[in-house]
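Remarks on the overall topology
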Amino acid sequence: MIPLLILILWAIAGDADPAIAPLGIRRHISSLLGGSSSGRPSSGGSNSMVMDVFYVSHGSPMLPFEEIPARDFFKGMAKLVKHKPKAILMVSGHWETRDPMVSTTARNPTIHDFYGFPRELYELKYEAPGAPDVARRAKQLLQDAGFKQAGEDPKRGLDHGAWVPLWLAFPDADIPVFQLSLQSHKDAAYHYRLGRALTPLTREGVLIIGSGTTTHNLRHMLPTVPDWGKAFDDWLYDCLIHQRYDEVTQFMDKAPYAKLNHPTPDHFLPLLVALGAAGEGATAQAIHRSWHGSFSMASYVFKPAVGAPGPQQQQQEL
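Counting from 1, residues in each chain are numbered in the order their sequence is written. For a predicted model such as this one, the threshold for reporting local features is a pLDDT of at least 70, and the threshold for listing and counting side-chain atom pairs is 80 or more; totals across whole chains, interfaces and linings nevertheless cover every residue. Heavy atoms throughout the structure, all of them, feed into the side-chain values; hydrogens and water do not.

Re the side chain of D52
Secondary structure elements follow DSSP: runs of H or I no shorter than four residues count as helices, runs of E no shorter than two count as strands, and numbering proceeds from the N terminus. Among the structural elements, D52 can be located in the loop between α2 (23-33) and β1 (53-57). Classification of D52 as buried rests on a relative accessible area of 6%. Think of a polar contact as two N or O atoms within 3.5 Å of one another; within protein, one of them needs to be a possible hydrogen donor and the other a possible acceptor, and neighboring residues in sequence only count if both atoms come from side chains. In this structure the side chain of D52 is engaged in a polar contact, spanning 2.8 Å, whose partner is the side chain of K303. Those residues in contact with D52, other than ones at most four positions away along the chain, are K82, L207, V301, F302, K303 and P304. Classification of residues uses two cut-offs on accessible area relative to the type maximum, computed with a 1.4 Å probe and protein chains only: under 20% is buried, over 50% is exposed, and between them is partly exposed. Any pair of residues with heavy atoms lying within 4.5 Å of one another is described as a contacting pair.

Notes on helix α8 (residues 227-241)
An α-helical segment advances 3.6 residues per turn. Residues three or four places apart therefore align on the same side. Spanning 15 residues, α8 covers 21 Å between terminal C-alpha atoms, matching the ideal 21 Å at 1.5 Å per step. Those residues of α8 that fall on the buried side of the exposure criterion are W228, G229, F232, D233, W235, L236, C239 and L240. The buried residues of α8 occupy an angular sector of 160° when projected down its axis, which confines them to one face. Q243 lies just past α8 and shows a positive phi near 60°. Under the convention used throughout, the expected extent of a helix is 1.5 Å for every residue step, that is, one less than its residue count. It is the directions from the helix axis to the C-beta atoms that the arc portrays.

Some details on the packing of helix α7 (residues 188-197) against helix α12 (residues 269-277)
At a minimum axis separation of 6 Å, α7 and α12 run at an interaxial angle of 40°. Relative to α12, the element α7 is oriented oblique. As for the relative orientation of α7 and α12, their crossing is right-handed in sense. Across the interface between the two elements, A188, H191, Y192, L194, G195 and R196 from α7 touch L269, L272, V273, L275, G276 and A277 from α12. Note on definitions: angles span 0 to 180 degrees between N-to-C directions of axes, and those axes are lines fitted to C-alpha atoms, for helices only across the stretch in contact. Oblique is the label for any angle not covered by the other classes, which are roughly parallel (under 35 degrees), roughly antiparallel (over 145) and roughly perpendicular (65 to 115). For any pair of crossing helices, the crossing counts as left-handed if the nearer helix is rotated counterclockwise from the farther one by less than a right angle, and right-handed if it is rotated clockwise.

Some words on the pattern of salt bridges
Note on definitions: salt bridges are taken to be side-chain nitrogens of Lys or Arg within 4 Å of carboxyl oxygens of Asp or Glu. On inspection of all chains with the given rule, the structure shows 14 salt bridges. Residue K82 pairs with D52 through a salt bridge whose shortest N-O separation is 3.8 Å. One end of the pair, K82, is in the loop between α3 (69-76) and β2 (87-92); the other, D52, is in the loop between α2 and β1, and 30 residues separate them in sequence. With its nearest N and O atoms 3.3 Å apart, the salt bridge here joins R136 to E152. One end of the pair, R136, is in helix α5 (residues 132-144); the other, E152, is in strand β4 (residues 151-153), with 16 residues separating them in the sequence. With a relative accessible area of 29%, E152 lands in the partly exposed category. A single salt-bridge network, built from bridges that share partners, covers D133, R136, K139 and E152.

Here you go:
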């Protein structure tokens, strides 16, 4: 106990003179006391340890075998993540439920949720560990924000909207992963609020990734970029880069050819969750833009504002 007390006093002194107590010592004491690296509670004025939030276009399940620019992007995506996450939250366009659900399995089975593809694709697996404790933390945040019916699914694995990009970006499968479901019967603004409820996770070492496809019309698949697809893709880029986020939450009314690009909203809603999770005042950067036929593979990173406040708790049931 006495050596610990000496170290604590040394760390406190180091706050006044950093040369006295090495940062590593202060961080060690901080971890024992549950505080910040300086030994004091974090003021929220620095984003050095806050995780960025990502939205990616996962495209076809065949992406691991396709020699296209998007595959190369995913292979280098881990370099864009500032710190190794303690867990990854995937919000995929391929899991929909009536109310928000988080997956709480201890070990993620690989879900091959598609038909008619080559055998090699069904042989791929991504059996990352689950993150049940972090998932329950996410569920509690949702309930506290007014999503009272948020629940758990202890058997859910990773659908291809989750495991395909992770298989490329984090091939070691050593980071715990869990998923959050969408409610496509709800609108875009609802999903933005869903993300806002999860903003505290970005300060707790959780990497949040929304996984959809920026233009997604399976009934109008074309080998080249259609005018209606390009118009939507350019509109989204302009809105995000210039922080016209209100328009994005009203994309069905504001975007050109919205219904043609997204006959159903499931592959666009992950972007809204990601944008919300980044918090108030977040900025957007395009990290990849390419096309695979008529599918825009555009991906974005949302960077939280320095010192941004946490989400306001919503009392009404959403």
